Amino acid sequence: MKDMASIVILGVIMGVAARIFMLRNDYRSYPSYPHGYVTHISLGFIAAFLASLAIPALMEKEYTAVTFLVLAAQQFRDIRNMERETLSKLEELSLVPRGLDYIEGIAKVFEARNYLVMLVSLTTTGFAVFFNLQIGAIAGIISIFLTGFLMRGQFVRDIAEVKPGKLHFEKSLLMVDDIVIMNIGSPEAKEKILQDGVGVVIHPKDDNARATLNNLGQRQAILHDVAALVGSKLETGEPDFTPLMRKNVDTGKLALFVVPNEKDIECIIEAIYRTPVLESATQKPLSSDIGRKAAD
Amino acid sequence: MEVGIKETILAIITTDPQKVFGSSPVFIAKDKEEANRIGLLLSRILKAMVHDLENGVYIVVKH
């Protein structure tokens, strides 16, 4: 019996470690507050504890105990709602919003991370029960890294190539290379944009990438990340400096315009490359016969 | 909650009154310079953007 207790404790430790490992604080800065950490680590602890009990309970022939996992799944669905609501509310006062797709993506990730914690705990306790504590611990550590690796997802770097573009005006139309961004009437704004603005062109690598980048949610996510990383001179009530992305309808390449705080084109391109490809935006027309046939 | 009119022409600024007609408020400027100044002021007051129709007519639109 004492043996089972140490197995459960090991499972919990591995699960919580997995949650902390997945709680890296990156430039997307969410959650960036101590209370956010506490919430997620606590929920991770609950997930780990529930999952750690499952296999020992089965060994004790307590089959009904497994229904606990159902309860957990219900709990973690609420996390998704919680994240979605918080971020949607913050969105209203954000100058360069994340967009609904990005929020949905983040919310989904937070939910999924708790299932991953359960998976790590299950693996750990499973190996610990059938072999011993040391092997359980090793299996736990391997599964932590495995989940991190498997859940990495794609980035814009994987699907597109970004090159600097020429920002210029054709009468009142702001253009990046040959793509029209918007009409600007104020001469002061025009001068400022030519002085401080940056235009880049995003070339999708194939038709899948083209369809994915076509998604407005994906574009908004890129704009949000760029504005978050290099800053934006956009001010409330002065929409002339709104970062925008527009498409060349014939080639599918996208022009991005931003008036950054730091005019460093290398950093802007890197910021675009590091934007995650959103699950909800991903499209794969090339995986279908029709898409492949239409592409050639 | 902020309530406002979006995606409509809030005001028209022109140096040539012959070219505008309709129900939006029209501001007639004596030259391009004055038109730009009115445009700047209106855009700040209305939190909106000035667009240039390239014929001496400017419109203020909130997006």
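Residues numbered from 1 in each chain as written. Chains lettered and ligands numbered in written order. Predicted model: local features only at pLDDT ≥ 70, side-chain atom pairs only at ≥ 80, totals over all residues. Heavy atoms only, no water.

(A) Fine view of the sheet that holds strand E3 (residues 173–176) of chain A. Residue and element names in this part refer to chain A. If you walk across this open sheet you meet the 3 strands as E2-E3-E4, and the pairing is antiparallel. With partners counted over all chains shown, the strands left at the sheet margins are strand E2 (167–170) and strand E4 (179–183), one partner each. Each strand of the sheet is rotated relative to its neighbour by a mean of 35°, with strand direction disregarded. Looking at chain direction, E2 and E3 are connected through 4 bridges and run antiparallel. Pairing of Phe 169 across the sheet is with Leu 174, part of E3. (Pairing = 2+ DSSP bridges. Helix = DSSP H or I, 4+ residues; strand = E, 2+ residues; numbered from the N terminus. Axes fitted to C-alpha atoms, helices over the stretch in contact; angles between N-to-C directions.)

(B) Looking closely at the packing of aromatic side chains. All names here are of chain A. Tallied over the entire structure, the rule returns 4 aromatic pairs over all chains. Arranged with centres 5.4 Å apart and planes meeting at 70°, the rings of Phe 21 and Phe 145 form a pair that is edge-to-face. One end of the pair, Phe 21, is in helix H1 (residues 2–21); the other, Phe 145, is in helix H5 (residues 133–150), with 124 residues separating them in the sequence. For Phe 145, a relative accessible area of 51% puts it in the exposed group. Ring geometry for Phe 45 and Phe 49: centres 6.0 Å apart, planes at 10°, overall stacked. (Phe/Tyr/Trp six-rings, centres within 6.5 Å; stacked < 30°, edge-to-face > 60°. Buried < 20%, exposed > 50% of the residue type's maximum accessible area, 1.4 Å probe, protein only.)

(C) Quick peek at the layout of surface pockets. The computed volume of the largest pocket comes to approximately 1300 Å³. In terms of lining residues, the largest pocket is bounded by 35 residues, among which Ser 94, Leu 95 and Pro 97 of chain A together with Lys 6 and His 63 of chain B are the most central. Breaking the lining of the largest pocket down by element, the ones donating at least two residues are E4, helix H9 (216–230) and strand E6 (244–247) of chain A together with strand E3 (49–52) of chain B. Tallying contributions element by element places H9 of chain A first for the lining of the largest pocket, with 5 residues. The residue inventory of the lining of the largest pocket, partitioned by class, reads 15 nonpolar, 10 polar and 10 charged. Viewed by domain, the lining of the largest pocket spans two of them, domain 1 (2–152) and domain 2 (157–285) of chain A, each represented by three or more residues. (1 Å grid on protein atoms, 1.4 Å probe; cavity = no way out; pocket = protein on both sides within 12 Å on 5 of 7 lines; lining within 4 Å. Points joined across faces, edges and corners; volume = space filled by probe spheres on them. Nonpolar A, V, L, I, M, F, W, Y, C, P; charged D, E, K, R; others polar. Domains from an automatic or database assignment.)

Read these as geometric descriptors, not functional statements.
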